[in-house]
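If you want the building blocks of each chain, they are given just below.
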Amino acid sequence: MSNNTKELEDKIEKLGFQLANNIFDTIKTLQFSLDLTERYYENSHSRYVGEMSEKMAKLMSLNEEDTFEVRTAGLLHDIGKIGFRDTALFKTMPEMNSRELKQYKLHVDIGREMLYNHKALYGVADIVYEHHENFDGTGFPEKKQKSQIKVGARIISIVDFYHNAMHKSMKLDSISDLSQKSNAMDYLQETQRKFDSVLEYIDDQKNIKFDPELVHLFIKLAESERKRIEGFLVKRIHIANVKPGMIFAESYYSSSGLLIANKGEVVANDSLKALYRCVESDQIPQKLLMLADNND
Ligand SMILES: [Fe+2]
Ligand SMILES: [Fe+2]
């Protein structure tokens, strides 16, 4: 290979990398806007759906590009709710009147249209559009069924349901008191009954709401996530030693009130970036209350 070709290839690779970073920054900005819309839940719902959906995609051995799409669609699945009135946002579907229901169902169309503005997000937009389809064809907007529904949308549908079922109804649940506990076992025991009943419901919905193969994978994943933290302790850890996989035992906000990290949330690489920024500007303390392995 000539020097020129090599130089050109390096340049293209660098540009590609910059472009991917730019796209990711755009996605994070969108996700923050969505979190503001849903802030009353204070459960970093979209981040959770993004991260668990990514884990599911990896378990399904999807390629890197498809995995990225699934994760991004998870982060942005409800982006079309931006601009919703509070009344429609904080009701469950059976509680909505027909006008609210009609508006609610439009969030998948709005989400797709918003994301279609970015060529690199076309695939993501299509997944977002389908995340309320049911496996048996009774969902919306198009009543698609089985493999007609994109695999990413079938994944997000389960993760989204699980997180809402575990957290939305618990309001001031035991995660709120994580800072008062000394280890993860107390938290796990308190939430065990809820966890079992949510998983049982998901299992019952095989072939109805959810893809049976994905249900099987998800149950295994959710159980192993809980097993992973069994030996974790609650302790203060300096930001420099906070690592992906640990869990926040306390919520942290920027000085403007934006939720940076949520109690119960698993530390991910990109949440660390925002944390460092806030610690550097003294918006949050240097030592954070974490659930972590005894050796950390
Ligand atoms: Fe949705
Ligand atoms: Fe959601």
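About the criteria used
Residues numbered from 1 in each chain as written. Chains lettered and ligands numbered in written order. Predicted model: local features only at pLDDT ≥ 70, side-chain atom pairs only at ≥ 80, totals over all residues. Domains from an automatic or database assignment. Contact = placed C-beta atoms within 7 Å. Helix = DSSP H or I, 4+ residues; strand = E, 2+ residues; numbered from the N terminus. Nonpolar A, V, L, I, M, F, W, Y, C, P; charged D, E, K, R; others polar. Axes fitted to C-alpha atoms, helices over the stretch in contact; angles between N-to-C directions. Left-handed = near helix turned anticlockwise from the far one by under 90°. Pairing = 2+ DSSP bridges.

Undergrad: Sorry if this is basic, but what is going on with the domain arrangement of the chain here?
TA: For interface size, the figure often reported is the accessible area lost on association. Annotation of the chain at the domain level lists domain 1 (3–171 + 195–227) and domain 2 (232–296). On a C-alpha basis, the centroid separation for the pair domain 1 and domain 2 is 24 Å. Listed as interface residues are ten residues of domain 1 and, on the opposing side, eight residues of domain 2. Sorting the residues of the side of domain 1 that touches domain 2 by element identifies helix 1 (3–37) and helix 2 (45–59) as the ones contributing at least two each. A per-class count over the side of domain 1 that touches domain 2 returns two nonpolar, two polar and six charged.

Undergrad: Would you take a moment to explain the packing of helix 2 against helix 10 (residues 212–228) for this structure?
TA: Two numbers describe a pair of packed helices, the interaxial angle and the distance between the axes. Across the interface, helix 2 lies against helix 10 with an axial gap of 11 Å and an inter-helix angle of 115°. Between helix 2 and helix 10 lies a crossing of right-handed hand. Counted together, Lys-55, Met-56 and Leu-59 of helix 2 and Leu-214, Leu-217, Phe-218 and Leu-221 of helix 10 form the full contact between these two elements. The class makeup of the residues in the contact of helix 2 with helix 10 is six nonpolar, no polar and one charged.

Undergrad: Just to check I follow, could you spell out the sheet that holds strand 5 (residues 287–292) for this structure?
TA: The strands that make up a sheet are held in pairs by hydrogen bonds between backbone atoms, and each pair lies either parallel or antiparallel. Pairing within the open sheet is antiparallel, and its three strands lie in the order 1-5-2. The open sheet has two edge strands with one neighbour each: strand 1 (233–238) and strand 2 (247–248). The pairing of strand 1 with strand 5 spans six bridges and is antiparallel. Following the sheet pairing, His-238 is matched in strand 5 by Lys-287.

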